[in-house]
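Residue strings, one per chain:
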Amino acid sequence: MRFFIKLSKSPIAIVGLFIIIFYLSMAILGIFWTPYDPLEMDYNKVLKPPSLEHFLGTDEFGRDIFSRIMVGSRISILISLSATSIASSLGIFLGVISGFWGGRLDNLLMRVVDVLFSFPPLLLAMFIMAILGERTYNVIIAIGIVYTPQFARLVRASILSIKNLDFVQSAFAIGGSKLHILFRHILPNILVPIIVQASLCLSLAILLESALSFLGLGIQPPYPSWGNMLSSARRFMLIAPWTAIFPGLAIVFLVLGFNLFGDGLRDLLDPRLRNIR
Amino acid sequence: MRRFLLISFIILFVILSFSSSQIKTGGTLTIGVDQEVVGLDPNIVTAFSSFRRIDLLYNRLVKYDSNLNIVPDLAASWKILDNLTYIFYLRKGVKFHNGRELTAEDVKYTLERILDPKTASPGRSFIEPISSIEIIDKYTVKIKLSTPLASLLSGLASNNCAIVPKEEVEKYGNLQRNVVGTGPFKLAEWVPDNYMRLVRNPDYFEKGLPYLNEVIYRVIPEQTSLLAGLKAGTLDMATINDGSVILQAKKDPSLIVIQKPGINVRTFGFNTTRKPFNDIRVRQAIALAIDREEIVATAEFGMAMPTSPIPASVKKWAKSYKLLPFSRPNIKKAKDLLVEAGYPDGFSFKIVCSPTYEGGIAVAQVIQNQLKKIGLKPELEVLEWGMYIDRWRKRDFDSMVELRGGDPDPDRFLYRILHSKGAVNNFLFKDEEVDKLLEEGRKLTKYEERKPIYDKLQYLISEKAPVIFLYVPYETQVLKPYVKGFKQVGNGSLYYLANTWLER
Amino acid sequence: MKKYILKRLLSIIPVLLGVSILVFFLVRLIPGSAIELFLGTQVEATPEQMEELKRIFGEDKPIPILYLEWLSRILKGDFGYSLRTSRPVLPDILNRLPLSLELTFFSLFLSIIIGIPLGILSSLKQNPIINILIRIVGLLGLSLPQFWLATLFVILFSSIEGFIPMGNFVPFSKNPLMNIKMLFLPSLAIGLGLGAVVMRFTRNNILEVLQMDYIKTAKAKGLSQRVVLFKHALRNALLPIVTVLGFNAGYLLGGAIVIEEVFALPGMGRLALYAIFQRDYPLLQGIVLVISFLFVLINLLTDLLYAFIDPRIRYE
């Protein structure tokens, strides 16, 4: 509750929250109802421009673009949330092992992280997708793995920076168990940067998913994802620009929502962290 | 007869030279294509993109002309002594790009190279019954077969059977990146994924040809970019296969679109050993739910021709699909068949496809929609091209949308696909009657004797429906108006670029 | 300093070794081998033909042994031959490098000339409503997917000749003007998003620096806002941007995949994309190694540059 009161002080976060809620409700509504069946083809209505009937137009199979964007929002949000959960939990786990226990394992893990870091994210994600195959849950895994190193590095660095602070050292001195110290003293104190990083990851995940689908390695037709809608629209973009414009706008605004929310959150939680990114 | 031909040729020539277009030599033609080659050794490669370069770099013994008739290429003429013996008389004075004259030795070497399993040549299955190749003199070769093969000439017309020089193969191991052919053009420069520059072969055996000084292939994977390249004037010509893009090109008055039904066939096939596709009634029900016209209209924007089991473009052999059983939509009968087969509520299964043009994702989506109408629940399994091929090779699919390379000869097309021992019978289809007819069809060399056999086969294959032959896509070239003399063959070949000139 | 450089240079080695192992084994985990792709769906090969093809493709030994052989050849500078084009891998990769370097350079350039002035401007305004607007614009910049921007550019500019390189990309050496014209839109598609990053960074840093004691002293001395900003604050505020740009430059060299794909540019990213699709093992291994090498190298150079221009930093 206190959190929300605090939140209300940041207009940016509120705008972001509204956008996210709008998309969420569209996604949930899309489970039960869409104006048209997003998979139903209509050969008499191929590539029709926006009209009262289909207010974002139709695609190359005469399918309603608005309905497909609604369903696409569900897929995007699902992937964004799950991939971020995977990346953050895996990253925290590795970061804790590395930063808290240290030693040889730390060295090894950080080299692995260095290696993963030296791949451009999209290239790494493409690799993983090519190996796992184009399924929705594989997209989640791939994006999760790609963003794990960032969490791992962040957690490790944060732990190292507070490990030697007095309150932690004294906890050791009293003879507290390692696990106890970890959960009681360390994790709560590094939560803020993790949350900030997670909010960033949410938006990056959407962008990465759409780029993957755009290249044909993400969500596969006939299921709509904003990325694969854009990908097939590329062939028609000159004669039917609406097929390319609206799915793109859908991506832009959801990512903007996450970014606004994350930015506002950052201000509230820790003003020193404004510089991330 | 000879004289008549000569006279008509002269008349034709006179007409041609008096008509508005005067042949101009020289100049560079830039053609846009959407795929880079996968190697250039004619005996080894399998990719369409490679064949389209080999068209201009090498020659075969015989070739298909623009009406899909077999005509001389390196062989000036040939004789068929009996079903088992062929004699080829080679042109004299044909030179490889390295300057050496082509002789019967090279023909023997090349065919033996193709037949050697170690070469791993796809051409081997086209000419496998060859038992001996005998050099009669420097320009005469005798080929003997162990069993009759009606499609031998058709096989020899394949780019996979282009003639290569022995010494160069031995020097390089293979000719994947070193081109030494006899063709009208020579390889000059190659920047992969960007362009390949061919220059005129001054020693080409057809006097006066080619007209062009240079042909540049530009690789532009995006179909819309190909069109943009034409509009911007950076391309003189482009091979385009996306219907929506061709539609846009047709609307542009500054471009000329030439189309011809091609020879490749879009198919929708089943793994006939998997349940429930091992039940003929299930396959028939599906065949009855398929509406070819609708598929062509939607997935190909009308730029294709519905077909029977023999490519509809091969008019000599192909029957109209409308005359064949289980080839026109009949929802009620389809549902009845499903009930009979024990699936009154339908069943769910997977359709394997891929986002590339060959992988037919658009076709799969339309089929999925059509099959829903008879209560089936098909799921698309869209695979990246490499995985798609993996599944194809392992026969790991319920059903699959494909683009099959066709052939003007029905034996070469159907035997490989549907004989129980066929090289690419991925449907694992096994039917004694079909086997028997396919074997008979390849033993005879006379058209009149073969025709009834293939008529019957088309009927049988439609009825047993191991695979549904959907349509032949149009082969499309988009040209600038000043590109003259180019003709389409029907199998995608570009060898008429040797006869092409630029009028500007 | 020398010792530091040496240490950093040495630290590149394990990373590259890790990359090479990872790539070598990962590419062979992708279903569908290069041989299968080569054969395609039109022909069938007998088992003995398959064995022969494996030998031709150099895949006829256990993977660890293949790896060691490959590694020893790489150390001699031999990157092997592409399975698809049969051409040597390294020259074809290096051919792509100039374009990627150019694209990276122009994108960074655009992001700087967009981001820094806007960043400075926005840090001067203290009006809360304008502040929020500026932040929203900045965040909007971050939210634009590059490939969508690129697609929009193609829709908007396709009728104007020369702006969209449609497979007729002209290298800088052949026609510099044409080359820059063609790279403008692709660079802008990357530069806009990156510009937003730079803008936010600039703004935040300036605001932070303005809180510092020495600035307050300068102000107290009676120097004008402008002098304070440009003489004192800006220099210190802009230094960290070097790191951000360096980091992005490293990724852009091999990571501009979608931009190269949409504009049909023959760059490194697209080469990697096709190498994955074609299972072109030697090419993919080569290109990933080159991309990673450039990434670590650029990061090293950025750190050194940073140390050079910021005398406060001393490395041990």
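Here is what the cut-offs are and how they apply
Residues numbered from 1 in each chain as written. Chains lettered and ligands numbered in written order. Predicted model: local features only at pLDDT ≥ 70, side-chain atom pairs only at ≥ 80, totals over all residues. Heavy atoms only, no water. Helix = DSSP H or I, 4+ residues; strand = E, 2+ residues; numbered from the N terminus. Contact = heavy atoms within 4.5 Å. Areas by Shrake-Rupley, 256 points an atom, 1.4 Å probe, with all protein chains shown as cover. Buried area = accessible area lost by both parts, 1.4 Å probe. Salt bridge = Lys/Arg side-chain N within 4 Å of Asp/Glu carboxyl O. Nonpolar A, V, L, I, M, F, W, Y, C, P; charged D, E, K, R; others polar. Pairing = 2+ DSSP bridges. pLDDT = per-residue confidence, 0-100. Buried < 20%, exposed > 50% of the residue type's maximum accessible area, 1.4 Å probe, protein only. Patch = residues over 30% accessible without salt bridge, like charges linked within 9 Å, V, L, I, M, F, W, Y side chains within 5 Å. Axes fitted to C-alpha atoms, helices over the stretch in contact; angles between N-to-C directions. Left-handed = near helix turned anticlockwise from the far one by under 90°. Polar contact = N/O pair within 3.5 Å; in protein donor to acceptor, adjacent residues only side chain to side chain. Core = buried A, V, L, I, M, F, W, Y, C linked by side-chain atoms within 4.5 Å.

## Digging into the overall build of chain A
Helix and strand content of chain A: 11 helices and 0 strands. Secondary structure of chain A in N-to-C order comes out as α-α-α-α-α-α-α-α-α-α-α. Dimensions of chain A, computed from C-alpha atoms along their principal axes, come out at roughly 75 × 45 × 30 Å. For chain A, restricting intrachain contacts to residue pairs at least 6 apart in sequence, the fraction spanning at least 24 positions comes to 70%. Accessible surface, chain A: about 11,200 Å² in total, of which carbon and sulfur atoms supply 69%.

## Quick look at the interface of chain A and chain C
Between chain A and chain C, the residue contacts involve 45 residues of the former and 51 residues of the latter. Both faces considered, chain A and chain C share a buried interface measuring about 4,400 Å² in area, 76% of it formed by carbon and sulfur atoms. Counting across the chain A and chain C interface gives 3 salt bridges. Between R200(C) and D263(A) there is a salt bridge whose closest N-O contact spans 2.9 Å. Of all the elements in the fold, those that place two or more residues in the side of chain A that touches chain C are α2 (11-32), α4 (103-117), α5 (121-132), α9 (191-214) and α11 (242-269) of chain A. When residues of the side of chain A that touches chain C are assigned to their parent elements, the largest contribution, 14 residues, is made by α11(A). The class makeup of the residues in the side of chain A that touches chain C is 31 nonpolar, 6 polar and 8 charged.

## Observations regarding the interface of chain A and chain B
Counting residues at the interface gives 22 residues for chain A, matched by 23 residues for chain B. Summing both partners gives a buried area of about 2,000 Å² for chain A against chain B, and 54% of it is carried by carbon and sulfur. Broken down residue by residue, the surface that chain A buries against chain B is led by Y43(A), F61(A) and R235(A), which jointly contribute 29%. Seen at the junction of chain A and chain B, the total is 1 salt bridge. A salt bridge links E381(B) to R135(A), with the shortest nitrogen-to-oxygen separation between them at 3.3 Å. By residue class, the composition of the side of chain A that touches chain B is 13 nonpolar, 2 polar and 7 charged.

## With respect to the pairing of strand β7 (residues 140-145) of chain B
Residues and elements named next belong to chain B. Pairing between strand β5 (residues 85-90) and β7: 5 bridges, direction antiparallel. Pairing of Y89 across the sheet is with T140, part of β7. Pairing of strand β6 (residues 130-137) with β7 involves 6 bridges; the strand directions are antiparallel. The residue of β7 that forms the bridge with I135 is V141. Where β6 hands over to β7, the hairpin turn is made up of 2 residues, counted between the paired strands.

## Quick notes on the confidence of the model for chain A
For chain A, per-residue confidence averages 86 on the pLDDT scale, and residues scoring 70 or more make up 96% of the total. At the low end of the mean pLDDT range in chain A sits helix α1 (residues 2-7) of chain A, at 68; at the high end sits helix α3 (residues 65-101) of chain A, at 92.

## A word on the pattern of salt bridges
One side chain can pair with another of opposite charge once the charged atoms of both are near each other. On inspection of all chains with the given rule, the structure shows 42 salt bridges over all chains. One salt bridge connects R197(B) with E189(B), and the closest N-O pair in it is separated by 2.9 Å. Judged by relative accessible area, which is 23%, R197(B) ranks as partly exposed. For E189(B), a relative accessible area of 28% puts it in the partly exposed group. Close ionic contact of R404(B) with E402(B) constitutes a salt bridge, the shortest N to O distance being 2.8 Å. An identical accessibility class is assigned to R404(B) and E402(B); each is buried. Sharing partners across several salt bridges, the network here consists of R135(A), R274(B), E381(B), R391(B), D396(B) and D398(B).

## Structural notes on a nonpolar patch on the surface
All names here are of chain A. Together, L24, I28, L29, I31, F32 and W33 give the surface a local cluster of nonpolar side chains, amounting to about 650 Å² of exposed area. Structurally, F32 can be placed in helix α2. On the basis of relative accessible area, F32 is assigned to the exposed category, the value being 70%.

## Remarks on the packing of helix α8 (residues 176-210) of chain C against helix α10 (residues 225-255) of chain C
Residues and elements named next belong to chain C. Taken N-terminus to C-terminus, the directions of α8 and α10 make an angle of 145°; their axes are 9 Å apart at the nearest point. Crossing geometry of α8 relative to α10 is assigned as right-handed. Contacts between α8 and α10 involve I190, L194, V197, V198, F201, T202, N205, I206, V209 and L210 from the former and L229, A233, L234, N236, A237, L238, P240, I241, V244, L245, N248 and L252 from the latter. Across the contact of α8 with α10, the residue classes tally to 18 nonpolar, 4 polar and no charged.

## Here we look at the environment of T273(B)
Residues and elements named next belong to chain B. Along the polypeptide, T273 turns up in the loop between β13 (265-270) and α9 (280-289). Sequence separation of T273 and F427 is 154 residues, and the distance between their C-alpha atoms is 7.8 Å. Not counting residues up to four positions away in its chain, the partners in contact with T273 are N278, F427 and L428. In terms of polar contacts, T273 uses its side chain to reach the side chain of N271, at 2.6 Å.

## Let's talk about the nonpolar core
Proteins that are soluble and globular tend to have nonpolar side chains buried together. In this structure, M126(A) and F127(A) are the most contacted members of the largest nonpolar core, which totals 210 residues. Look past the residues within four positions of F127(A) in its chain and what remains in contact with it is F119(A), V23(C), L26(C), V27(C), I30(C), I276(C), L284(C) and V288(C). Core analysis: the next-biggest nonpolar cluster, separate from the first, contains 110 residues, I54(B), L61(B), V434(B) and Y496(B) among them.

## Overview of the sheet that holds β5(B)
Residues and elements named next belong to chain B. Judged by pairing direction, the sheet is antiparallel, and its 4 strands sit side by side in the order β4-β5-β7-β6 without closing on themselves. The sheet is open, and its two edges are formed by β4 (75-82) and β6, each paired on a single side. Here the strands of the sheet are splayed against their neighbours by 20° on average, with no regard to which way each runs. The pairing of β4 with β5 spans 6 bridges and is antiparallel. Residue pairing for β5: I80 is matched across the bridge by Y86. On top of the sheet, helix α3 (residues 104-115) reaches β5, β6 and β7; it is set at about 170° to β6, its chief contact.

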